[in-house]
Amino acid sequence: GRGRGGGITAAGIKRKNRWGEEEDTASLVPQLPRFDPDRPPPSWVADLDSLDISQEEKRGVPEFFLDPPPPGKEADPKGGTPPSDADYRAMRKHLVLLWARQKPTYLRKSACLGARGDVNSIGRVHACLEAIGAINAGAEDK
């Protein structure tokens, strides 16, 4: 393989993780559910301070739910801090509040860029929340 990689397996691509251990990247591939307009929004939408995170959310944005580094290993050798479930909950709350303020107008990803996180993370969280019906359900335009 090239770079950090190893070989391709049936489950995904083998590579070295940030702690130098081999991992299968299949668990890092977002798996968004299909949007169902008849599906009720998640229960935590009524309580934005809820610590609840559904399995669909964990599959939709897996980079926020990685295991912590093994004892004695750095969190990130490049000096950054990997995103955490607390980062996800803060971003989720921000996006849901933005949607509540502008309902029924479609909440665009570009309107969410003030949230904590980089533009790519915000985009992935937006897509996940939209897929599970937490934002943009019944929006007028897209």
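Residues numbered from 1 in each chain as written. Predicted model: local features only at pLDDT ≥ 70, side-chain atom pairs only at ≥ 80, totals over all residues. Heavy atoms only, no water.

## A word on the overall build of the protein chain
Then step 1. The number of helices and strands found in the protein chain is three helices and three strands.
Then step 2. Secondary structure elements of the protein chain occur, N-terminal to C-terminal, as β-β-β-α-α-α.
Then step 3. Counting over 142 residues, the protein chain shows a buried share of 30%.
Then step 4. Just so you have it, the protein chain exposes about 8700 Å², and 51% of that area is on carbon and sulfur atoms. (Helix = DSSP H or I, 4+ residues; strand = E, 2+ residues; numbered from the N terminus. Buried < 20%, exposed > 50% of the residue type's maximum accessible area, 1.4 Å probe, protein only. Areas by Shrake-Rupley, 256 points an atom, 1.4 Å probe, with all protein chains shown as cover.)

## Overview of helix α3 (residues 119–131)
Then step 1. Here α3 is 13 residues long and its end C-alpha atoms lie 18 Å apart, about the 18 Å a rise of 1.5 Å per residue gives.
Then step 2. Residues of α3 that are buried include every one of Ser121, Ile122, Gly123, Val125, His126, Cys128, Leu129, Glu130 and Ala131, and no others.
Then step 3. Residues of α3 that are buried in the fold lie against α1 (55–60) and α2 (85–102).
Then step 4. Put simply, Asp118 is the residue that caps the front of α3, since its side-chain oxygen is 2.9 Å from the backbone nitrogen of Asn120. (Expected span 1.5 Å × (residues − 1). Contact = heavy atoms within 4.5 Å. Polar contact = N/O pair within 3.5 Å; in protein donor to acceptor, adjacent residues only side chain to side chain.)

## Some details on the environment of Phe65
Then step 1. Looking at where Phe65 falls in the secondary structure, it is placed in the loop between α1 and α2.
Then step 2. Between the C-alpha atoms of Phe65 and Asp85, which are 20 residues apart in sequence, the distance is 5.8 Å.
Then step 3. The contacts of Phe65, once residues within four sequence positions are left out, are Ile53, Glu57, Lys58, Asp85 and Tyr88.

## Points about the confidence of the model for the protein chain
Then step 1. On average, residues of the protein chain score 75 in pLDDT, and 65% of them are at 70 or above.
Then step 2. The secondary structure element of the protein chain with the lowest average pLDDT is strand β1 (residues 5–8), at 41, and the one with the highest is α2, at 91.
Then step 3. Confidence drops under pLDDT 50 across residues 1–11; counting only partners more than four residues distant or on other chains, this segment forms 17 contacts. (pLDDT = per-residue confidence, 0-100.)

## Quick notes on the packing of aromatic side chains
Then step 1. Enumeration according to the criterion identifies three aromatic pairs in this entry.
Then step 2. Look at Phe64 and Phe65: their rings are 6.4 Å apart centre to centre, the planes differ by 55°, and that puts the pair in the tilted class.
Then step 3. Considering the side-chain rings of Phe65 and Tyr88, the 5.4 Å spacing of their centres and the 65° angle between planes classify their relative orientation as edge-to-face. Of this pair, Phe65 sits in the loop between α1 and α2 while Tyr88 sits in helix α2, and the two are 23 residues apart along the sequence.
Then step 4. On the basis of relative accessibility, which here comes to 0%, the residue Tyr88 falls in the buried class.
Then step 5. Three or more aromatic residues joined by ring pairs make a cluster, and in this case those are Phe64, Phe65 and Tyr88. (Phe/Tyr/Trp six-rings, centres within 6.5 Å; stacked < 30°, edge-to-face > 60°.)

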